[in-house]
Number of protein chains: 2
Amino acid sequence: MRITAVETFDIRFPTSRELDGSDAMNPDPDYSAAYVILRTEDGWAGHGFTFTIGRGNEVCRAALDALAPLITGIDIGDLGEFSRRLTHDSQIRWLGPEKGVMQLAVAALINAAWDLTARIANRPLWSLLSEMSPEALVDLVDWRYLTDALTPEAARDLLSDAVPGRTARSRHIREVGYPAYTTSAGWLGYPDEKVDRLARQAVSDGFRQIKLKVGADQTDDVRRFALARNAVGPDIRIAVDANQRWGVTEAIDWMTALAPWDPWWIEEPTSPDDVLGHAAIRRALTKAGPGGGPIRVATGEHVANRIMFKQLLQADAIDFVQLDACRVAGVNENIAILLLAAAFGRPVCPHAGGVGLCEAVQHLSFFDYVAVSGSLDDRVIEYVDHLHEHFTDPVVVERGAYRAPTAPGFSTRMRPESLVRYAYPEGAAWS
Amino acid sequence: MRITAVETFDIRFPTSRELDGSDAMNPDPDYSAAYVILRTEDGWAGHGFTFTIGRGNEVCRAALDALAPLITGIDIGDLGEFSRRLTHDSQIRWLGPEKGVMQLAVAALINAAWDLTARIANRPLWSLLSEMSPEALVDLVDWRYLTDALTPEAARDLLSDAVPGRTARSRHIREVGYPAYTTSAGWLGYPDEKVDRLARQAVSDGFRQIKLKVGADQTDDVRRFALARNAVGPDIRIAVDANQRWGVTEAIDWMTALAPWDPWWIEEPTSPDDVLGHAAIRRALTKAGPGGGPIRVATGEHVANRIMFKQLLQADAIDFVQLDACRVAGVNENIAILLLAAAFGRPVCPHAGGVGLCEAVQHLSFFDYVAVSGSLDDRVIEYVDHLHEHFTDPVVVERGAYRAPTAPGFSTRMRPESLVRYAYPEGAAWS
């Protein structure tokens, strides 16, 4: 498993032409991937990427190229050691630490190494992880800065407690799939008629939760929410997502205005860095829902690392942990986050969509159910029906549930023809 | 003031050859700058940079190149608007937001724009800022995510209260200079004899505070601290700096071991992202010093943005705010941080050293004294005697104090011959 080449790509899809993916902070994203292939001397290849929304994707690619020498010529072997090699280089660490562009690039490389490992093992990643021993899983995590909230020993115990049920849960999840919710109905750029139609479609497709983007104009948001509630009825959960648009007071006021239509959660009400802000919002919304129930708080797609998630949990700032497969330092750091969430008893509902995020993150949720939290209660994986056709092993979502991935690897391999056509700026899609 | 060209440079100094700058997390830094020159149609030039410690500096340069189109061809004019143009581009914001490589590059560009503006005004930056109206200063700040801690109105009142004393303080600080402390004695790679000699030298040079690096080996740290205390006597403050090496418990234990020698502050005891961790460490050390006094907590050089500083202040997590001229989004975001620190009554003691950080950050402290906090109590600017010879307007530190900068601009201009000699990898210094 010696890495002999690290090939990097700047891949962009012109999604802004249709306003797919538009929200209060991101009006015109061009969904993109800084993509990497790790090649071994034995002819194996591992595929990984990080997700961006257009401009600056070339900086992530430059970061991949800057990190490549750290892993070229080495044997992957121990993936805990491999991960630390990328996150602990002292000179490069200065550029974060553990955040921003370098962290995105590290995610792509670590995920590619896991894809490679799972391919060689001839197993889908979630299944490979789900059969590792508690000790081996604990060794994958960088415990620095975590032990005031969770020790390796406590994590091992938590994993050990879940071992007896692994086989039954693995069988169960292969049969029923993992619940999904859809964001496809609620992009901010869509006209009311399209929201109404897509919301009804979501229910008839079997989804039990949908999500609407909010935050640009309160009157519009109230109208769209009422319309969506009318379309789906009272029993379907409707989450809303402000994409960091608000300050603390504004978030509380805005959600109070939406409360009569029963929002399930408010996602990214404010800056992803504002642990104390999220805590203040959550406290203020504890009894703000219809009937005096809570409006729940969720965040994660822009939370930089395990240290920020630790604090969001310590401060009782969130109800749902929305980890992202490619924002933090890949599978290893996401295992840390899954362990923290389980220790604090908070459901993980991953961020997905974009390019390939659904493909990757499903593996983490399946693993979470089988070997970490052992629960499906209030857990859903985001689903957006875009761009899956560019992957060799696209997600399969049926009747509102992700089917268990069966192909070897991390489902992160893009079709070779897409790598050519959407290469930026030289590919045919951009000329 | 229309910008017609954005020229970028990868500049590196081979400092690792002498172990200058070595600490518990950064054993072999090569002090570097991703450097930028903004040129106007009228022949003016503004100079800015961000600081890194070697590998990955090329990624910061790539980030500068990615941001350049946002400002090429525009009129600088309103520097609040200029700043928001760089921090709020929706596609690029995804790569942070407001952290990591993109934030470092934004710092360089905003600082270069201020250098340009001050050069055209024929004033040193600190003096230019110190004569702006409270309203104009408030308009420079991006208030998003801040108003739960400080409103623009409260900030304007705070600045207005300081207006009457501006002239007297400006005269005073030009006469006496701004107090400095030195880190030159305490690099981790230095042998005991050198620490002893340099500590004594610092006192005879007029410094009233020195700093030692700690965190690699506790026995070594105790020996070196005792040696330094013996060298400088009881009246010189000795701060220690762990450069993020510890978790919460380890930080408390380690500092308890050093307590008998009276550490003034512990800097970066843990992750810069760990607001709650710093708060826990500070609480535990409140009475840990000799005689039951506090060991104070300081951090900032790796704190990503104003939102993190806001929380460190809200959570009572730090005694000293160690802002850095080039880590956050330049002068504008540092004005926000100065205002927050003043509102919470915490002294700002900037991080400096590296390449050119002393040159830049002195302007912020002089401005803070004249127009924001109005106080010198417990305030010191870090000073390291390295690499100043590469700047056209190097700092002047005499008898332990920074002399007020007098040259027009932000003191951020590197000598043209240094830009050639230390260009990486093609410059003569690297061949």
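Residues numbered from 1 in each chain as written. Chains lettered and ligands numbered in written order. Predicted model: local features only at pLDDT ≥ 70, side-chain atom pairs only at ≥ 80, totals over all residues. Heavy atoms only, no water.

1. Examining the sheet that holds strand E3 (residues 45-52) of chain A
All names here are of chain A.
1) Next: In space, the three strands of this open sheet follow the order E1-E2-E3, with antiparallel pairing throughout. The open sheet terminates on both sides in strands that have one partner only, identified here as strand E1 (3-12) and E3. Adjacent strand axes in the sheet meet at a mean angle of 15° when their direction is disregarded.
2) Next: Docked against the sheet, helix H4 (residues 100-120) engages E1, strand E2 (32-40) and E3, running at close to 150° with respect to E3. (Pairing = 2+ DSSP bridges. Helix = DSSP H or I, 4+ residues; strand = E, 2+ residues; numbered from the N terminus. Axes fitted to C-alpha atoms, helices over the stretch in contact; angles between N-to-C directions. Contact = heavy atoms within 4.5 Å.)

2. Quick look at the pattern of salt bridges
Residues and elements named next belong to chain A.
1) Next: According to the stated counting rule, one finds 54 salt bridges over all chains in the structure shown.
2) Next: With its nearest N and O atoms 3.3 Å apart, the salt bridge here joins Arg2 to Glu41. Of this pair, Arg2 sits in the segment before E1 while Glu41 sits in the loop between E2 and E3, and the two are 39 residues apart along the sequence.
3) Next: Through salt bridges with shared partners, a single ionic network connects Lys211, Lys213, Asp241, Glu267 and Glu382. (Salt bridge = Lys/Arg side-chain N within 4 Å of Asp/Glu carboxyl O.)

3. Structural notes on the environment of Leu95 of chain B
1) Next: Counting through the fold element by element, Leu95 of chain B comes out in the loop between helix H3 (90-93) and helix H4 (100-120).
2) Next: Overall, the relative accessible area of 0% leaves Leu95 of chain B in the buried class.
3) Next: Once residues within four sequence positions are removed from consideration, Leu95 of chain B is found in contact with Thr52, Arg55, Gly56, Cys60, Gly100, Val101, Leu104 and Arg327 of chain A together with Met102 of chain B. (Buried < 20%, exposed > 50% of the residue type's maximum accessible area, 1.4 Å probe, protein only.)

4. Brief notes about the packing of helix H11 (residues 248-258) of chain B against helix H12 (residues 275-284) of chain B
Residue and element names in this part refer to chain B.
1) Next: As a packed pair, H11 and H12 sit with axes 9 Å apart at the nearest point and diverge in direction by 30°. Looking at the two axes, H11 sits roughly parallel to H12. Handedness of the crossing formed by H11 with H12: right-handed. Where H11 abuts H12, its residues Val248, Ala251 and Ile252 lie against Gly277, Ala280, Ile281 and Ala284.
2) Next: Class assignment for the residues of the contact of H11 with H12 results in six nonpolar, one polar and no charged. (Parallel < 35°, antiparallel > 145°, perpendicular 65-115°, else oblique. Left-handed = near helix turned anticlockwise from the far one by under 90°. Nonpolar A, V, L, I, M, F, W, Y, C, P; charged D, E, K, R; others polar.)

5. Focus on the sheet that holds strand E3 (residues 45-52) of chain B
All names here are of chain B.
1) Next: Ordered in space as E1-E2-E3, the three strands form an open sheet in which the pairing is antiparallel. On the outer flanks of this sheet lie strand E1 (3-12) and E3, each paired with one strand and no other. Here the average twist between neighbouring strands, direction ignored, is 15°.
2) Next: Here E1 runs beside strand E2 (residues 32-40); their pairing, made up of nine bridges, is antiparallel. Across the sheet, the residue bridging to Asp10 is Ala34, located in E2.
3) Next: The strands that helix H1 (residues 57-71) touches are E1, E2 and E3; relative to E1, the one it contacts most, it runs at about 175°.

6. Observations concerning the side chain of His363 of chain A
Residues and elements named next belong to chain A.
1) Next: Note on placement: His363 falls in helix H15 (residues 357-372).
2) Next: Taking the relative accessible area as the measure of exposure, His363 reaches 0% and is therefore buried.
3) Next: Within the local environment of His363, its side chain forms a polar contact with the side chain of Ser411, the two groups lying 2.8 Å apart.
4) Next: In this structure His363 touches Pro124, Leu125, Trp126, Pro405, Gly409, Phe410 and Ser411, once residues within four positions along its chain are discounted. (Polar contact = N/O pair within 3.5 Å; in protein donor to acceptor, adjacent residues only side chain to side chain.)

7. With respect to the UniProt feature "domain: Mandelate racemase/muconate lactonizing enzyme C-terminal" (unreviewed entry) in chain A
1) Next: Per the UniProt record, "domain: Mandelate racemase/muconate lactonizing enzyme C-terminal" (unreviewed entry) is annotated on residues 192-288 of chain A.
2) Next: In the segment residues 192-288 of chain A, helix accounts for 51% and strand for 15%; the C-alpha atoms at its two ends are 26 Å apart. (UniProt positions renumbered as here; feature names shortened; annotations may be inferred.)

8. Observations regarding a negative patch on the surface
1) Next: Taken together, the side chains of Asp78, Glu81, Glu135 and Asp139 of chain A make up a negatively charged region of the molecular surface.
2) Next: In this structure, Asp139 of chain A sits in helix H6 (residues 134-139). (Patch = residues over 30% accessible without salt bridge, like charges linked within 9 Å, V, L, I, M, F, W, Y side chains within 5 Å. Areas by Shrake-Rupley, 256 points an atom, 1.4 Å probe, with all protein chains shown as cover. Lys, Arg positive; Asp, Glu negative; His and termini not counted. Charge placed at Lys NZ, Arg CZ, Asp CG, Glu CD.)

9. What about the relation of the copies chain A and chain B?
1) Next: For the pair chain A and chain B, the relating rotation is 180°, the translation along its axis is 0.0 Å, and the fit reaches an RMSD of 0.0 Å. The superposition operator between the copies reduces to a two-fold rotation axis. For chain A, the residue whose C-alpha comes nearest the rotation axis is Gly100 of chain A, separated from it by 2.2 Å. (Least-squares fit on C-alpha atoms with pLDDT ≥ 70 in both.)

10. Details of the packing of aromatic side chains
All names here are of chain A.
1) Next: All chains considered together, the criterion is met by 30 aromatic pairs over all chains.
2) Next: Considering the side-chain rings of Tyr31 and Phe51, the 5.1 Å spacing of their centres and the 75° angle between planes classify their relative orientation as edge-to-face. Of this pair, Tyr31 sits in the loop between E1 and E2 while Phe51 sits in strand E3; the two residues are 20 residues apart in sequence, bridging distant segments of the chain.
3) Next: Of the residues examined, Tyr31 reaches a relative accessible area of 5% and is grouped as buried.
4) Next: Considering the side-chain rings of Phe207 and Tyr383, the 6.1 Å spacing of their centres and the 15° angle between planes classify their relative orientation as stacked. Within this pair, whereas Phe207 is found in the loop between helix H9 (192-204) and strand E5 (209-213), its partner Tyr383 is found in strand E10 (residues 381-383), the two being separated by 176 residues in sequence. Neither Phe207 nor Tyr383 differs from the other in exposure class; each is buried.
5) Next: Taken together, the aromatic side chains of Phe9, Tyr35, Phe49 and Phe391 make up a single cluster linked through ring pairs.
6) Next: Note that Arg17 overlies the ring of Trp430, its terminal NZ or CZ placed 5.6 Å from the centroid. (Phe/Tyr/Trp six-rings, centres within 6.5 Å; stacked < 30°, edge-to-face > 60°. Lys NZ or Arg CZ within 6 Å of the ring centre and 35° of its normal.)

11. Structural notes on the domain arrangement of chain A
Residue and element names in this part refer to chain A.
1) Next: Per the domain assignment, the segments making up chain A are domain 1 (3-147) and domain 2 (163-418).
2) Next: The straight-line distance from the C-alpha centre of domain 1 to that of domain 2 is 22 Å.
3) Next: Taken together, the contact between domain 1 and domain 2 spans 58 residues of the former and 60 residues of the latter.
4) Next: For the pair domain 1 and domain 2, the two sides together bury roughly 4700 Å², of which 65% comes from carbon and sulfur.
5) Next: Its largest share of buried area at the contact with domain 2, domain 1 owes to Phe13, Phe49 and Trp126, together 16% of the area lost on that side.
6) Next: Here domain 1 is connected to domain 2 by two salt bridges.
7) Next: Two residues, Asp142 and Arg306, come together in a salt bridge whose shortest N-O distance is 3.2 Å.
8) Next: The interface formed by domain 1 and domain 2 contains 22 residue pairs in polar contact (both at pLDDT 80 or more).
9) Next: Mapped onto the side of domain 1 that touches domain 2, the elements with two or more residues apiece are E2, E3, helix H2 (79-87), H4, helix H5 (125-130) and H6.
10) Next: The biggest single contributor to the side of domain 1 that touches domain 2 is H4, with ten residues. (Domains from an automatic or database assignment. Buried area = accessible area lost by both parts, 1.4 Å probe.)

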